[in-house]
Each structure stands twice: as structure tokens, then as C-alpha cells.
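Examining the three-dimensional arrangement
So you can see what is in the structure, the chains are spelled out below.
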Amino acid sequence: MEILMSNWSEVVQSMPEKYIFPPNKRPGNHVFPVFKNIPLIDLEETNGRDRTKLIQQIFSASQDFGIFQVINHGIPTSLMDDTMSVSKEFFAMPAEYKTSFYSTDIARKCRIYSSTMNYDNEEVHYWRDNFTHHCHPLEDQIYLWPDNPTRYREVVGEYSVEVRRLMLRILEVISEGLGLKPGYFDGELSKTQLLSVNHHIRCPNPSLTLGMPEHSDPNLISLLQQSSVPGLQIFHHGQWMDVDPIPHALILIPGLQLKVISNGKFSSPIHRVMTHSEEARTTIGTFLIPSQEICIEPAKEYSGEDPLYRSFTYKEFFNTFTQSNCDADTALQYFKK
Ligand code: OGA
Ligand code: NI
């Protein structure tokens, strides 16, 4: 069978065996509650004069819900729409073209794969294709990106720069709130920028499979441009809840490195992705990630507190994370003090 689901030539009417989860791992048929009160932070309203309010909003959101959404974030809606269009157009390109980007080698800086990077060895596949590439610095990466659709590089290039600026702006507010020095997260801690586009074709039976496993993001912080088709779920107070997409709002998900650096003041929420029985779903994630050799540890500013974690390099963390089957608790266990 063709590995990339977006290359399947026929519309799937029934679930292929390899995508059916064992009963204890299936999401099942029940209707999940909608997470109605995910904080929606208006960045314009809090620009400048209301910085304290903004800090407070981000902190209480992160503490109560794990994630938050921003509006009036400065990324033009037309640029968001164009980026979504070229991403979908890429997944609709001919099979051979997409296959030329196929790789499960993490060293490949622009790659498409299906399910997880462990496709060849996993027992059950997730209902997902993923296209990932590096974005920063742009001039070192852009030539590796698809030149088809013809607008891809231009549109995604502009989007990557804008999104990076926004994420660093939000990190600046976070560092201020955490009592860290200005520019704390600039530089090595946020050096690597990945664009990660998830594409889930229509699924004949979403109760039997998942579009992405439950996980916490291993990076510093993630920004997610959602699809109008729902699918993201957050594990909140012991239950899975649906995130209702708000058009052109952007979701921020603190990653495990932020949890460690903030000595546990931020958490890194567990989330997963459901598939949809009527429509395909495409989302665009941007991850800011520390460079491989940089030392990660609870910030020195918290030397008065008991540090919860020892220091490690991001490379060491990421290897441990993949060896722990991408389970955050198992991975963090190795770095606990
Ligand atoms: C991720 C992720 C959610 C989504 O890429 O880490 O959680 O809705 N994505 O695509
Ligand atoms: Ni995630």
C-alpha cells in the first residue's frame, strides 16, 4: 500500500486494518465536551499600556488550561489563508512529486512522512501525513522547500518570518512574567524553527483511529494555525475535550522545555488529534526549538527554589524523548532532580 495517505488514489470507504487501534486505545464513539473557555487573548488591546494585564492573562491561561489563543496578533488573515491554501495544494500535488520529499530521517531538513517517524516498525498507523521543514534563517532553508505550488516559497517564507516575530513577542511577555531578563528566549533557546503541516484525509470511522497520539510538545513553544475542521483535543481535568476552532485565532501550546526552564511554572498540556468523517483536515504548526547543544535547566533566577530538573542538552532530551516513545512523563523522569 502507498505509504502517504494523501497519495491514495481511491476514496477510502472502510478502515484499512493497519489503522484500527486496539479497543483500549480507541477514542470511541462518545461525544466529547467542547472546551469553551480556552482563554482568548487580544494582543492589540494589551499592546503597550496593559502589559501587566497581558502577562496575567497568559499566566492564568497557562496555569488553568495549559493553552491559550491569541487574536489581533498581527499576522494578516490573507497571509494565513494563503499559507493554508499552498499547504493544501502541496498535499494535492502528484504522488511522485511528494514522494521525492519522503523521508523518516530526522536529519533531512524538508521531509514528508506518514503517521510517525517510526512508520516502518509501528504496529498501528496514525491517520496522518506530515510535512515538516526548517524555516530559520530563511535564506539557509528556503531553497530546500518545494518549488511547487509555485507560490509556496514566497508565501510560506513570509509566513515563517511573521510567525517567528509573533512567537518571540509572546515569549518576551512570558519571560517578563517569569522574572527573567529581557531577551531570555531569543538566540539559542529558540534558534530552530520548524513548520509542521498535518494533513488528515477524510476518515471513514474516526472512533477507531487517531490523527496524532496523545503527547506534549517536546520543544520550547508551539503555535498552531487550526483548520476550520475540528480535531484537536486537550486532556483537561482528567478528560478529553474538543477545541473549537475560532477562525484566524492562533493557539499557543507551551512545550516541555518551557516547563523545565520555568521550573514547573508552566505546564506542557497533553493533546491529541481526532480525525473527521466528512472532511479532510489540514493544520499548520510552528515550533520554536532550542539548538542541539544548548544547556537547558531551570532558570538561574530561581536559584532560591528547589530546582525540579537537572541540566541537559536539548539533544540529550530529544533522544530520551524518542526512546521513551514520545511519552513526556517517562522522558522527564530522567531529568528530575
Ligand atoms: C502537533 C500538534 C495539533 C493539530 O503538531 O504537535 O499537536 O491540531 N498538532 O494538528
Ligand atoms: Ni502537539
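How each quantity is defined
- Residues numbered from 1 in each chain as written.
- Chains lettered and ligands numbered in written order.
- Predicted model: local features only at pLDDT ≥ 70, side-chain atom pairs only at ≥ 80, totals over all residues.
- Heavy atoms only, no water.
- Core = buried A, V, L, I, M, F, W, Y, C linked by side-chain atoms within 4.5 Å.
- Buried < 20%, exposed > 50% of the residue type's maximum accessible area, 1.4 Å probe, protein only.
- Helix = DSSP H or I, 4+ residues; strand = E, 2+ residues; numbered from the N terminus.
- Contact = heavy atoms within 4.5 Å.
- Near = heavy atom within 4 Å.
- Areas by Shrake-Rupley, 256 points an atom, 1.4 Å probe, with all protein chains shown as cover.
- Axes fitted to C-alpha atoms, helices over the stretch in contact; angles between N-to-C directions.
- Parallel < 35°, antiparallel > 145°, perpendicular 65-115°, else oblique.
- Left-handed = near helix turned anticlockwise from the far one by under 90°.
- Nonpolar A, V, L, I, M, F, W, Y, C, P; charged D, E, K, R; others polar.

Observations regarding the nonpolar core
Where a protein is soluble and globular, its nonpolar side chains tend to be buried together. In terms of nonpolar packing, the biggest core is built from 70 residues, with Ile 58, Phe 131, Tyr 159, Ile 170, Ile 174, Phe 185 and Phe 317 touching the most fellow members. Considering every element that reaches this core, the biggest residue donor is helix H5 (residues 152–177), with 12 residues. The contact partners of Ile 174, leaving out residues within four places of it in the chain, are Ile 58, Phe 59, Phe 185, Ile 221, Leu 258 and Phe 266. Core analysis: the next-biggest nonpolar cluster, separate from the first, contains 11 residues, Ile 67, Leu 232, Ile 234 and Ile 253 among them.

Let's talk about the site of ligand 1
Neighbouring residues of ligand 1: Asn 198, Met 212, His 215, Asp 217, Leu 224, Leu 232, His 271, Val 273, Arg 281, Thr 283 and Phe 287. For ligand 1, whose free accessible area comes to 290 Å², the fraction covered by protein is 96%. At the level of elements, strand E7 (212–215), strand E12 (271–273) and strand E13 (281–289) are the ones that each hand at least two residues to the shell around ligand 1. The element that contributes the greatest number of residues to the shell around ligand 1 is E13, accounting for three residues.

Details of the packing of helix H2 (residues 77–91) against H5
The N-to-C vectors of H2 and H5 enclose an angle of 130°; their axes lie 9 Å apart at closest approach. Here H5 runs oblique to H2, going by the angle between their axes. Crossing of H2 over H5 shows left-handed handedness. Listed contacts from H5 to Leu 79, Met 80, Asp 82, Thr 83 and Val 86 of H2 are Tyr 152, Val 155, Val 156, Glu 158, Tyr 159 and Glu 162. Partitioning the contact of H2 with H5 into residue classes produces seven nonpolar, one polar and three charged.

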